[in-house]
Amino acid sequence: MGDLAFTDRTDFENAERGLVASLSPGVVRDSGGRVVWDNDVFAFLDAPCPDTANPSLWRQSQLCAKQGLFEVTDGVYQVRGLDLSNMTLVEGERGVIVIDPLVSVETAAAAFGLYCEHRGDRPVTGLVYTHSHVDHFGGAEGVVAPGNADGVPIVAPAGFVENAVAENVYAGTAMARRGMYHAGVLLERGPDGMVGTGLGQTASSGRVSLVPPNTHITRTGQEEVLDGVRIVFQSTPGTEAPAEMNFHFPERRALCMAENATHNLHNILTLRGALVRDARVWARYLDEAITLFADASDVAFASHHWPIWGRDDIVAFLSQQRDLYAYLHDQTLRMLNQGHTGIEIAEQMELPPALANAWHARGYYGSVSHNVKAIYQRYMGWFDGNPAHLWEHPPVENAKRYVECMGGASKVMSMARDYADKGDLRFAATLYDHVVFADPENADAKSGLADVYQRLGRGAENGTWRNFYLTGAMELREGIKPVPMSISGGMTAGLTVEQVFDSMAIRVNGPKAWDEHVTIDWDFTDARERYRMMLSNGVLIHRRVTGDTDGADLTLTLTRPQLFALIAGKGPEGITSSGDAAALRRLLAVMDAPEPDFPIVTP
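Keep in mind the model is a prediction, meaning the values are calculated, not measured.

Each value, and the rule that gives it
- Residues numbered from 1 in each chain as written.
- Predicted model: local features only at pLDDT ≥ 70, side-chain atom pairs only at ≥ 80, totals over all residues.
- Heavy atoms only, no water.
- Helix = DSSP H or I, 4+ residues; strand = E, 2+ residues; numbered from the N terminus.
- Rg over C-alpha atoms; globule rule 2.2 N^0.38 Å.
- Buried < 20%, exposed > 50% of the residue type's maximum accessible area, 1.4 Å probe, protein only.
- Lys, Arg positive; Asp, Glu negative; His and termini not counted.
- Charge placed at Lys NZ, Arg CZ, Asp CG, Glu CD.
- Axes fitted to C-alpha atoms, helices over the stretch in contact; angles between N-to-C directions.
- Parallel < 35°, antiparallel > 145°, perpendicular 65-115°, else oblique.
- Left-handed = near helix turned anticlockwise from the far one by under 90°.
- Contact = heavy atoms within 4.5 Å.
- Nonpolar A, V, L, I, M, F, W, Y, C, P; charged D, E, K, R; others polar.
- Core = buried A, V, L, I, M, F, W, Y, C linked by side-chain atoms within 4.5 Å.
- Domains from an automatic or database assignment.
- Disulfide = S-S within 2.5 Å.
- Pairing = 2+ DSSP bridges.
- Phe/Tyr/Trp six-rings, centres within 6.5 Å; stacked < 30°, edge-to-face > 60°.
- Lys NZ or Arg CZ within 6 Å of the ring centre and 35° of its normal.
- UniProt positions renumbered as here; feature names shortened; annotations may be inferred.
- Right-handed = clockwise from strand over helix to strand, strands pointing away.

Chemist: Sorry, what's going on with the overall build of the protein chain here?
Modeler: Of the regular secondary structure elements, the protein chain holds 19 helices and 21 strands. Taken against the 2.2 N^0.38 rule, which gives 25 Å for 603 residues, the C-alpha radius of gyration of the protein chain at 26 Å falls within 12% of a compact globule. In terms of overall dimensions, the protein chain has C-alpha extents of about 75 × 75 × 50 Å along its principal axes. Residues classed as buried in the protein chain amount to 53% of the 603 residues present. Side chains of the protein chain carry 51 positive and 76 negative charges; the gap between the two charge centres is 1 Å.

Following this line, the structure appears as structure tokens:
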């Protein structure tokens, strides 16, 4: 743990400051009675850290588990501990502005209800999404019903809808599967299992929604007045999210840092998968925020964790956060240009003591190791330049050859046990992993690998590393437990026609469709738009067209909701067609269904 000051209670004082009341019990259920959030299950964190968890991660989880309604400053409140993210509420002249309505409709409604219980019933007179990740918009319908959204300013950064939907559609199945590991969804909550993710405890499992924004922030310095409250925005695209923004409340002297400055080292690339973020511009936007807002701020709060009070502490916090991302970026590029690979740089990277010993710069969610590799990936891609790595065998074939060269499975497992006994768990995992991939039915190898993963998980300071290791151990021992995953109706409503067609295109089985040629025109009566879709050479192309067209095998006349139902296989009524009805069947026949439960720790 180096020189970490475990006796310093400043974070605990700040995390508890301004508590108005907690939700009791800290449990939220859906309309059918299913539990979608349970913060009380983390009561075990009140005990001293056991030997099954990293003390630093345990401390962070204790802080993240604090739950309730908190006063941030005059007229600004936060609900924390009712989901992965925070809901912030800013009181205006007639009602309240809601910032980031959590992940689920149910937890958002519960959080808003807790606020109203102690501050009085107030209408929602504004809704602000700080950025395009689901934990910052998914609960929207819990505070603003779609039918009541007229007249309510719903503010988001430019590009919000496109990025919010794309992340959950194009690679959504694979991200969701890896997300099961990332968040430790199936792990038991407790000292032996999931203790938190470092960014928050975990995400709720209720209904996700999206109420589209009607006001977009396109530039730094843009001002909006919501319910009499003046807000000055800073556009920060390409930081923690492709579409993100910080903003300042001049009259409240309060600064919202979205998810650009939280009490942890964040991810340049999440373990669940995402676009690689730009550490360089991230640092520059943090520096710009100091210049723009620090002198006029008495408190800085974010969409996760607890606030920072006092101008000097705000500047110190933001400066160290800035230097954290800038240092990782610049030093990775320095060593990259000396010929080191991402893996090598990650092993050599050492933070300056002032950053390494700052609690808010610890790798609870991101890590120095995987962030350095992400920065390398952003600039150099997957290939490290070594020709031996240019055309390697895939994992199973490589594993078979390694095990054969090393004398067979028994010999490799014996060596793996020796390395584990000596404390070299990383290489022990590599050896066991070769045996498992060479022979997935080898129960002893799977058991040995599970034991090594468990030990690695218990020692991890990073919450998502712990969850990955422990989930891997669980699946090696118990097999894959299917978990239903789908894009909710609320999220689907945010899709454009182009995004639906793009999602169809990435499901086309190329080799199966090589010799298939189909042209379909789609005429949308509600949007008054027409699209032509063409399948050739295993590629599904679509374009918007105007006027009358000819040469289509099939023309479908329908609405956008009917398209969503059709693609979901529900066969909606009311669609009219002309031409060869078999053309659609031929198209659907060459589209693969995603596999939501694909194996990860076994082939």
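Back to the write-up after that little detour.
Chemist: Would you explain the packing of helix α7 (residues 311-336) against helix α10 (residues 368-380) in this entry?
Modeler: Here α7 crosses α10 at 60°, and the two axes come no closer than 10 Å. Of the possible angle classes, the one that applies to α7 and α10 is oblique. In the packing of α7 onto α10, the handedness of the crossing is right-handed. Every residue of α10 that contacts α7 at Leu328, His329, Thr332, Leu333 and Leu336 is listed here: Val368, Asn371, Val372, Ile375, Tyr376, Tyr379 and Met380. Of the residues in the contact of α7 with α10, the class split is nine nonpolar, three polar and no charged.

Chemist: I would appreciate a short explanation of the nonpolar core in the present structure.
Modeler: In globular proteins that are soluble, nonpolar side chains generally tend to be buried together. Residues Met87, Phe112, Tyr129, Val143, Phe501, Trp522 and Leu587 are the most contacted members of the largest nonpolar core, which totals 63 residues. With seven residues, the top contributor of residues to this core is helix α3 (residues 105-119). When residues are assigned to domains, this core turns out to be shared by domain 1 (12-327) and domain 3 (496-590), each giving three or more. The residues contacting Phe112, other than those within four sequence positions of it, are Met87, Leu89, Val96, Val98, Arg122, Val124 and Val143.

Chemist: Hey, could you run me through the side chain of Arg272 in this one?
Modeler: With respect to the secondary-structure elements, Arg272 resides in the loop between β14 (254-256) and α6 (279-293). The class of Arg272 is buried, set by a relative accessible area of 18%. When neighbours within four sequence positions are excluded, Arg272 is seen to be in contact with Glu167, Met175, Arg178, Gly179 and His182.

Chemist: Can you walk me through the state of the cysteines in this structure?
Modeler: Every disulfide links exactly two cysteines, by a covalent bond between their sulfur atoms. As enumerated under the stated definition, the model contains zero disulfides in all. Left unpaired, Cys49 is separated from the closest cysteine sulfur, that of Cys64, by 15 Å. The class for Cys49 is partly exposed, based on a relative accessible area of 30%.

Chemist: Even after reading the chapter, I still don't get the sheet that holds strand β13 (residues 245-249), so can you show me in this structure?
Modeler: Pairing between the strands of a sheet comes from backbone hydrogen bonds, and it takes one of two forms, parallel or antiparallel. Across the sheet, which stays open at both edges, the six strands sit in the order β11-β12-β13-β14-β15-β16 with mixed pairing between neighbours. Looking at strand neighbours, the two that pair on one side only are β11 (223-226) and β16 (308-309), the edges of this open sheet. As paired elements, β14 and strand β15 (residues 299-301) share three bridges and run parallel to each other. The partner of Ala254 across the bridge, within β15, is Val299.

Chemist: Looking at this structure, how should I read unusual backbone geometry?
Modeler: Trans peptide bonds make up most of the peptide bonds, and negative phi angles are found at most residues other than glycine. Cis geometry is found at the peptide bond from Ser24 to Pro25, where omega equals -5°. Assignment of secondary structure puts Pro25 in the loop between β1 (19-21) and β2 (27-29). Even without being a glycine, Asp100 presents a positive backbone phi close to 60°. Among the secondary structure elements, Asp100 is positioned in the loop between β7 (96-99) and α3. Residue Asp100 is classed as buried on the basis of its relative accessible area of 1%. We note that Asp227 has phi near 50°; this positive angle belongs to a residue other than glycine. Turning to its location among the elements, Asp227 is positioned in the loop between β11 and β12 (229-235).

Chemist: Quick question: what am I supposed to make of the sheet that holds strand β10 (residues 215-217) here?
Modeler: An order of β1-β4-β5-β6-β7-β8-β9-β10 is seen for the eight strands of this open sheet, with the pairing classed as mixed. Looking at strand neighbours, the two that pair on one side only are β1 and β10, the edges of this open sheet. Neighbouring strand axes in the sheet, compared pairwise and without regard to direction, differ in orientation by 25° on average. Examined bridge by bridge, strand β5 (residues 76-80) and strand β6 (residues 87-91) share four bridges and lie antiparallel to one another. Bridging from a neighbouring strand, Tyr77 pairs with Leu89 of β6. Contacts from α3 reach β1, β4 (68-73), β5, β6, β7 and β8 (124-128), with the element oriented near 35° to β6.

Chemist: Is there a simple way to think about the packing of aromatic side chains in this case?
Modeler: Aromatic ring pairs are described here by two measures, namely the spacing of the ring centres and the angle between the planes. Under the criterion given, the structure shown has 19 aromatic pairs. With centroids separated by 5.8 Å and ring planes inclined at 75°, the aromatic side chains of Phe247 and Phe249 adopt a geometry described as edge-to-face. Note on Phe249: relative accessible area 1%, which makes it buried. An aromatic cluster is defined as three or more aromatic residues linked by ring pairs; in this entry it consists of Phe501, Trp522, Phe524 and Tyr531. When the ring centre of Trp309 is taken as origin, the NZ or CZ atom of Arg17, which lies over that ring, is 4.1 Å away. Here the basic side chain of Lys422 rests over the ring of Tyr419, its NZ or CZ set 4.5 Å away from the ring centre.

Chemist: Which parts of the structure should I look at to understand the UniProt feature "domain: Metallo-beta-lactamase" (unreviewed entry) in the protein chain?
Modeler: Feature annotation in UniProt assigns "domain: Metallo-beta-lactamase" (unreviewed entry) to the following positions: residues 84-304. Along residues 84-304 one finds 23% helix and 19% strand; the C-alpha atoms at either end are 8 Å apart.

Chemist: When you look at the domain arrangement of the protein chain in this model, what are you seeing that I'm missing?
Modeler: Many descriptions give the size of an interface as the accessible area lost when the pieces come together. For the protein chain, the domain assignment lists domain 1 (12-327), domain 2 (388-478) and domain 3 (496-590). Using C-alpha coordinates to define each centre, domain 2 is positioned 45 Å away from domain 3.

Chemist: Is there a simple way to explain the packing of helix α14 (residues 443-459) against helix α15 (residues 463-478) in this structure?
Modeler: Two quantities define a packed helix pair, namely the angle between the axes and the distance from one axis to the other. The N-to-C vectors of α14 and α15 enclose an angle of 160°; their axes lie 8 Å apart at closest approach. Relative to α15, α14 is oriented roughly antiparallel. Note that α14 runs across α15; the crossing there is left-handed. Each of Lys446, Leu449, Ala450, Asp451, Tyr453, Gln454, Leu456, Gly457 and Arg458 in α14 lies in contact with α15, whose residues at this interface are Arg466, Tyr469, Leu470, Gly472, Ala473, Leu476 and Arg477. Considering only residue class, the contact of α14 with α15 consists of eight nonpolar, three polar and five charged.

Chemist: How should the pairing of β8 be read in this particular structure?
Modeler: Note on strand geometry: in a regular strand, side chains alternate between the two faces of the sheet. The buried fraction of β8 amounts to five of the five residues, a majority that puts the element mostly inside the structure. Regarding the hand of the β-α-β motif, the stretch spanning β7, α3 and β8 is right-handed. Direction of pairing for β8 relative to strand β9 (residues 154-157): parallel, over a ladder of two bridges. If you follow Leu127 over to β9, its bridge partner there is Ile154.

Chemist: Honestly, the pairing of β12 in this entry has me stumped. Any pointers?
Modeler: Counting buried positions along β12 yields six of seven residues, so the element is predominantly enclosed. By the bridge criterion, four bridges tie β11 to β12 in an arrangement that is antiparallel. Within β12, the residue paired with Leu226 across the bridge is Val229. Bridge count between β12 and β13: four bridges; the pairing is antiparallel.

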